[in-house]
Amino acid sequence: MIIGASVHPGGGRPGLSNRFIRHFQIVNILKSGNDVMLQIFGTIFKGFLEAYEFREGVKKIEEGLVQGTLNLYQWMMATMVPTMYKPHYTFNLRDVSKVFQGILACRPDKFNNPTIMTSLWVHECERVFCDRLVNQADRKAFYEQLMQNGITYLSMKGDASELQESRYIFGDFMNETTRELEWL
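Keep in mind that what you see is a predicted model, and the values were worked out from it rather than measured.

Student: For this particular structure, what's the right way to read the layout of surface pockets?
Tutor: With a probe scaled to a water molecule rolled over the atoms, the places where space remains empty come into view. Each pocket or cavity is described by its volume, and for the largest pocket that value is around 780 Å³. If you go around the largest pocket, you meet 20 residues; those closest to its centre are A5, S6, V7, I26 and V27. Class assignment of the residues belonging to the lining of the largest pocket gives a composition of 13 nonpolar, six polar and one charged. Taken as a whole, the second largest pocket spans an internal volume of roughly 260 Å³. What lines the second largest pocket is a set of 18 residues, and nearest its centre among them are T115, T118, S155, M156 and K157. Its residues assigned to classes, the lining of the second largest pocket comprises nine nonpolar, six polar and three charged.

Student: How should I be thinking about the packing of aromatic side chains in this particular structure?
Tutor: Between two aromatic rings, the relevant description is the distance of the centres plus the angle of the planes. Scanning all chains against the criterion turns up nine aromatic pairs. Measuring from ring centre to ring centre gives 5.3 Å for F48 and F54, while their planes differ by 50°; the resulting arrangement is tilted. Residue classification places F48 among the buried residues on the basis of a relative accessible area of 8%. Since its relative accessible area comes to 3%, F54 is described here as buried. For the pair F91 and F129, a centre-to-centre distance of 5.9 Å together with 50° between the ring planes defines the contact as tilted. With F91 in the loop between α4 (62–79) and α5 (93–103) and F129 in the loop between α6 (114–128) and α7 (136–154), this pair connects stretches of sequence that are 38 residues apart.

Thresholds applied
Residues numbered from 1 in each chain as written. Predicted model: local features only at pLDDT ≥ 70, side-chain atom pairs only at ≥ 80, totals over all residues. Heavy atoms only, no water. 1 Å grid on protein atoms, 1.4 Å probe; cavity = no way out; pocket = protein on both sides within 12 Å on 5 of 7 lines; lining within 4 Å. Points joined across faces, edges and corners; volume = space filled by probe spheres on them. Nonpolar A, V, L, I, M, F, W, Y, C, P; charged D, E, K, R; others polar. Phe/Tyr/Trp six-rings, centres within 6.5 Å; stacked < 30°, edge-to-face > 60°. Buried < 20%, exposed > 50% of the residue type's maximum accessible area, 1.4 Å probe, protein only. Helix = DSSP H or I, 4+ residues; strand = E, 2+ residues; numbered from the N terminus.

Right under this line is the structure:
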């Protein structure tokens, strides 16, 4: 028995011959739609907020935070495409999960305020997406999109230049007794 996996031809990848693939049962898995991703990440984040008993104010931003992250991810995929000088501009769902992985490290004793939770979201988006950007124009476009998502989905105030200048510092300093994020 042979099991194989392949991607569609294109981008320098040759197609498999019909003579070869006639021996296999072909299963095609389509890319997840926005509704599916919203449900997956929304369920994870909502369960986290309920399990750790965050305040209602933080629970209210759950849907906006998920939608804003997915909107930012889709914008990054569409706008920040790989080129000869930027071959590392490849983004996938793993990046979205990294944003939520960082947010899920917080606990309600230090992050029970919607403003602080929004600041953590900005920090995680910066670390996952913005740290890969190589020039000032790309970073400026990123901050404009991040601020637009923050205004639309999280009721943030201000503008992109203020967001770019502000420095949020969150960290896990490998304390032996806890592995939770600290807000400095």
